[in-house]
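In case you want the letters, here they are:
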Amino acid sequence: MMQNLQKILTFDSLKIGYASGRQKNILLPPLSASAGRGELIALIGKNGIGKSTLLRTITGLQEPLGGEISYNGRNILEYSRMELAREVGYISTESIKVSNMSVYDLVALGRFPHTNWTGIIDSGNHNSIMDAIEKTGMSALKNRLVSELSDGERQRAMIARILAQDTDIMIMDEPTAFLDIGSKYEILHLMHLLARESEKTIIFSTHDLNIAMSQSDKIWLILDNKLIEGAPEDLMIDGAFDHLFDSSPVQFNTDDGTFSFRTDDRGTIFVEGDGKLRNWTIKAINRAGFSVSENKTIPFITIPSAANSNWQLTTESNSAAFQSIYELVNRLRRDEKRPI
Amino acid sequence: MKTEEHKERAGTFSSGNQNWIIFLILFLLLITFLIMDLFFGSVSIKASEVIKAFFSDNESNFGTIILKFRLPKAITALLVGIALSLSGLQMQTIFRNPMAGPDVLGLSSGASLGVAFVILGFSGNLSPDSLRGLGNWILVVASWAGAGAVMLLIMFISTRVKDIMTILILGIMLSSGISAIVTIMQYFSNETMLKAYVIWTMGSLGNLTAGQLNVLLICVSVGVLLSLLSSKMLNALLLGENYAGSIGLNVRFARIVIFSCTSILAGSVTAFCGPIGFIGIAVPHIVRILFKTSDHKVLIPGTILAGGTVMLASDIISQLPGSESVLPVNAVTSLIGIPVVIWVIIRNRKYSGLF
């Protein structure tokens, strides 16, 4: 199966950066990676490491300083600007500042490489535009001005625009930055649908590791000295993320793919009980700096049950009852030293 | 589902219809003002005499005034309005700056520097009156070169400075710098040359010779044609150069075409009529308000009609109908344009830099 996945975009020993005059400022060592049809690929790396530059370079908006990029096995340099626009669409982080432009007009710009020099939208183009608007759920807003949309709606409209461009590959530079959490997941859901149902290859950069881990088929991870590609789980198992947070107080737990702060271990507590309440209680005592022991030890916490509606904290010296997790945690945090 | 589709179609069609109605109204206004411009002037001529001038063979004094003076002036006003408004529209789109215009960003100053070089510098014994035939073209080309140079300079600056107001201030600095150079040139030039130049700077629609009007007509026609051809490119550039490139526009080619077009339009007008302010910046905004669109396939023809109309109206006002005095047309265009510009600035505070 793996061998059958069609490689739609590959780059090999690609050098990215800026050339001014004869001086070349190459940002990273040569990078190589590939993307298959219908894959959702997350590009991850530290701020300022060159994610946007890489995305602009593979979109053809910036000259590569070395190496090779090919679409469907054909070198990017052999494509005209117009041909390339039929292969790959692009959304940047740049905000658009146009008054009097309706959502329909914005999406219609996606038809640019498919219309003649007059740019007149005939019925075929009109149908593609309406199709893109419908797929992105913008039908009700199609006559609204872009300047009046919310951030989430505007991002949807931008996605409709590259959908109308009818390319196999969509490149999005931080498509969920600046969005509230609801819109963020709506946009991700939309990207997911486009990859699965319309077989679009979507390459997006993000700072959100949780999103990258849970949503993407493949991760391109840029480290200081190389680019590593693979399924999120493969990278996790190989320990590729270990070095991403070396110097920060953030800890990435490779067991479950979550983050936590490096805090002092203040001791272990046993938690008696089970179910949802147990999970939330453990979360809270972790935050307070304690870990949970496997075996019944002292101190221990009994979580509320049919017999007892309070949290019960039992230590060697005494036992106290708490009506909420909030009160329980306050008690735990009050003890500066290990004791309880 | 079906009714919805039906409504949607009806919606598209009715907005198309609305556009046609606005186009028709603008066209009728243009024709009306064009005719009115022939009727008003510092010499009061009866309406019947004006009509007679066109249809009788014997040349009366009135006939001469109408055909040799007022008609060329009206045509000049029309061409100037079209040219300045179109160049303003193109500059606003390519710089993505609502405050861009040939006069504001210093294009007119650049053109006047070109003219100053011809009149004060190289032409020695040539005065504008003696600039005939090839001389007109020399003047125009110098003017294009001046406008084009400023355009390149502003483009260079705007790749580094994104803030609209900063670019505006730099444009004003540029204009001041250029006038300083012109002043120095004036200081070292002789009396005849100086007089010729000062008369030119006063700006006038009525001083064009038949030869100059021909050159202006050719230049503006070329500019209008290029604008119409570039409407698709301008639409793509609305989103900025990165997006324009990503949807398949050859940005370098588009820039060359649009820059040349703008320089030809603004440069030719400035060469023959002197600097005329605020038409270029104000008219595109009026057209955007009328048509409520950002589509250049609509904005360009709209700007052509509205630009001609506003300039003809300015010319009629400058004649002060009913009196024998004439105002400088530059003052009238400023009084019409400045309120529009102020309105745009105030509105933009709300939408932070939209155009």
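Per-chain numbering applies: the sequence of each chain, read as written, is numbered from 1 onward. To read the labels, note that chains go from A and ligands from 1, taken in the order they are written. Confidence filtering applies because this is a predicted model: local features only for residues at pLDDT of at least 70, side-chain atom pairs given and counted only at 80 or more, and all residues used for totals across whole chains, interfaces and linings.

**Overview of the interface of chain A and chain B**
Where interface size is given, it is often the accessible area lost as the parts come together that is meant.
No. 1: For every residue pair, C-beta atoms are placed from the backbone, and the pair is scored as a contact if these atoms sit within 7 Å. Each partner contributes residues to the interface: chain A has 25 residues there, and chain B has 25 residues.
No. 2: Secondary structure elements are defined from DSSP: runs of H or I of at least 4 residues count as helices, runs of E of at least 2 residues count as strands, and each element is numbered from the N terminus. Those elements giving two or more residues to the side of chain A that touches chain B turn out to be helix 2 (81–85), strand 8 (88–91) and helix 3 (103–109) of chain A.
No. 3: When residues of the side of chain A that touches chain B are assigned to their parent elements, the largest contribution, three residues, is made by helix 2 of chain A.
No. 4: Split by residue class, the side of chain A that touches chain B holds eleven nonpolar, ten polar and four charged. Amino acid classes used here: Ala, Val, Leu, Ile, Met, Phe, Trp, Tyr, Cys and Pro are nonpolar; Asp, Glu, Lys and Arg are charged; the rest, including Gly, are polar.

**Considering the nonpolar core**
No. 1: What makes a nonpolar core is a set of buried Ala, Val, Leu, Ile, Met, Phe, Trp, Tyr and Cys residues, with links drawn between C-beta atoms within 7 Å. We call a residue exposed when 12 or fewer other C-beta atoms sit within 10 Å of its C-beta, buried when the count reaches 20 or more, and partly exposed for counts in between; the C-beta positions come from the backbone. Formed by 160 residues in total, the largest nonpolar core has its most connected members in V107 and I202 of chain A together with V80 and A83 of chain B.
No. 2: In terms of residue count, helix 3 (residues 61–94) of chain B provides more of this core than any other element does, 13 residues in total.
No. 3: Ignoring sequence-local partners within four residues, the contact set of A83 of chain B consists of V220, G223, L265, A266, S268 and V269 of chain B.
No. 4: Membership of the second largest hydrophobic core comes to ten residues, among which are I301, W311, L328 and L332 of chain A.

**Overview of the domain arrangement of chain A**
No. 1: With domains assigned, chain A is organised as domain 1 (2–249) and domain 2 (268–334).
No. 2: Segmentation into domains, and thus their bounds, comes from an automatic or database assignment. In this structure, domain 1 of chain A and domain 2 of chain A have C-alpha centres spaced 46 Å apart.

**Re the packing of helix 3 of chain B against helix 11 (residues 251–273) of chain B**
Residue and element names in this part refer to chain B.
No. 1: Note on definitions: angles span 0 to 180 degrees between N-to-C directions of axes, and those axes are lines fitted to C-alpha atoms, for helices only across the stretch in contact. With their axes 9 Å apart at the nearest point, helix 3 and helix 11 run at an angle of 145° to one another. Between helix 3 and helix 11 lies a crossing of left-handed hand. In contact with T76, V80, A83, L84, L86, S87, Q90, M91 and I94 of helix 3, helix 11 contributes I258, C261, T262, L265, A266, S268, V269 and C273.
No. 2: Split into classes, the residues belonging to the contact of helix 3 with helix 11 amount to twelve nonpolar, five polar and no charged. The crossing is said to be left-handed when, going from far helix to near helix, the turn is anticlockwise and less than a right angle, and right-handed when the turn is clockwise.

**Considerations on unusual backbone geometry**
All names here are of chain A.
No. 1: Put simply, I298 and P299 share a cis peptide bond, and its omega is 0°.
No. 2: Of note in the backbone geometry, F178 takes a positive phi value of approximately 70° without being a glycine.
No. 3: Relative to the helices and strands, F178 is located in the loop between strand 9 (169–172) and helix 6 (181–197).
No. 4: Exposure remark for F178: the 14 C-beta atoms within 10 Å place this residue in the partly exposed category.

**Observations regarding the pairing of strand 5 (residues 40–44) of chain A**
Residue and element names in this part refer to chain A.
No. 1: Extensive coverage of strand 5 is indicated by the burial of five of its five residues.
No. 2: On strand 5, burial covers both faces: L40, A42 and I44 on one face and I41 and L43 on the other are all buried.
No. 3: By this definition, two strands are paired if DSSP reports at least two bridges between them. Bridging between strand 5 and strand 10 (residues 201–205) involves four bridges; their strand directions are parallel. Note on strand 10: the bridge partner recorded for A42 is F204.
No. 4: Where strand 5 lies against strand 11 (residues 218–222), four bridges are found, and the strand directions are parallel. Opposite A42, over in strand 11, you have I219 as the bridge partner.

**Details of the pairing of strand 4 (residues 31–36) of chain A**
Residues and elements named next belong to chain A.
No. 1: Only one face of strand 4 is covered, namely the one carrying L31, A33 and A35; the face carrying S32, S34 and G36 has none of its residues buried.
No. 2: One ladder, built from five bridges, connects strand 1 (residues 7–15) with strand 4; its direction is antiparallel. Considered in strand 4, the bridge of F11 is made with A33.

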